[in-house]
Amino acid sequence: FPSFVAVSRDNGVDPLLILLMLAAGAFAFTPAVPSGTVHFYRYLLKVGKAAHPIISCDAFPIARMQNGRVYTMQIPAGRHAIITSENPTGIEVDIEAGKEYFIRIDYSPNASFALRATPVVVPVELGREETKKLRPLDGWLVEDATCGK
């Protein structure tokens, strides 16, 4: 719709135009979905250094995780399955609206590359401390910014 407003003779807004615009969805809005903030991250380690495991939420690929990086996104409240391309078993996380979560993608430091990247929920304070020196994930590695069933 053009960005003009019809004005009637008495300098008021034409109610018919408003009804037509409402019917056409000109004033449509999407209500905010309650969500939590989730930080996915990997330590800067030698094990699995060149790997970029794909993190998925409810079967939606989110990002290919770089070594020593962090990726933050909003995830709708509710129970979500977080897996990696190397560990399809993954974990289930109950996201609550307005809360913050840290999910570390772990490789066992004593293991060979054959062992899988595993998502692990860590306490908020520990996650904040561990992500302080990590750089943000490169944008080209973000697969999709959604998570949902």
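The structure this text deals with has already been given above.
It should be emphasised that the depicted structure is a prediction, and the values quoted were computed from it without experimental measurement.

Calculation notes
- Residues numbered from 1 in each chain as written.
- Predicted model: local features only at pLDDT ≥ 70, side-chain atom pairs only at ≥ 80, totals over all residues.
- Heavy atoms only, no water.
- Buried < 20%, exposed > 50% of the residue type's maximum accessible area, 1.4 Å probe, protein only.
- Helix = DSSP H or I, 4+ residues; strand = E, 2+ residues; numbered from the N terminus.
- Arc of directions from axis to C-beta.
- Contact = heavy atoms within 4.5 Å.
- Polar contact = N/O pair within 3.5 Å; in protein donor to acceptor, adjacent residues only side chain to side chain.
- Pairing = 2+ DSSP bridges.
- Axes fitted to C-alpha atoms, helices over the stretch in contact; angles between N-to-C directions.
- Core = buried A, V, L, I, M, F, W, Y, C linked by side-chain atoms within 4.5 Å.

Is there a simple way to think about helix α2 (residues 124-131) in this case?
In an α-helix, one full turn covers 3.6 residues, which means residues spaced three or four apart are oriented alike. Those residues of α2 not exposed but buried are Gly127, Glu130 and Thr131. For α2, the angular spread of the buried residues around the axis is 90 degrees, confining them to a single face. The outward face of α2, more than 90 degrees from its buried face, is lined by the exposed residues Glu125 and Glu129. The inward-facing, buried residues of α2 contact β1 (35-41), β4 (69-76), β7 (100-106) and β8 (118-122).

Would you take a moment to explain the side chain of His39 for this structure?
Along the chain, His39 turns up in strand β1. Among the polar contacts listed, one links the side chain of His39 to the side chain of Glu100, at a separation of 2.7 Å. Discounting chain neighbours no more than four positions away, the residues touching His39 are Val70, Tyr71, Thr72, Glu100, Tyr101, Phe102 and Ile103.

Explain the sheet that holds β1 here, please?
For sheets, the rule is that strands pair by backbone hydrogen bonds, running either parallel or antiparallel. The five strands are arranged β8-β7-β1-β4-β9 in an open sheet whose pairing can be described as mixed. Looking along the sheet, the strands with just one partner apiece sit at the ends: β8 and β9 (135-136). In the packing of α2 onto the sheet, contacts are made with β1, β4, β7 and β8, and the angle to β7 comes to roughly 60 degrees.

What is the right way to read the nonpolar core from this model?
One broad rule of soluble globular proteins: the nonpolar side chains tend to lie buried together. Phe40, Ile62, Tyr71 and Ile75 are the most contacted members of the largest nonpolar core, which has 22 residues in total. Of all the secondary structure elements, the ones that give two or more residues to this core are β1, β2 (54-57), β3 (60-64), β4, β6 (87-95) and β7. In contact with Ile75, other than residues within four places in its own chain, are Ser35, Gly36, Val38, Phe40, Cys57, His80, Ile95 and Cys147. Listed in part, the five residues of the second largest apolar core include Tyr41, Phe102, Val122 and Leu134.

How should I be thinking about the sheet that holds β6 in this particular structure?
Here we have four strands laid out as an open sheet, ordered β3-β2-β5-β6, and antiparallel in their pairing. Among the strands making up the open sheet, the edge pair consists of β3 and β6. Between one strand and the next, the sheet's axes are offset by a mean angle of 25 degrees, whatever the strand orientation. As paired strands, β2 and strand β5 (residues 78-84) are joined by three bridges and run antiparallel to one another. Bridging across to β5, Cys57 finds its partner in Ile82.

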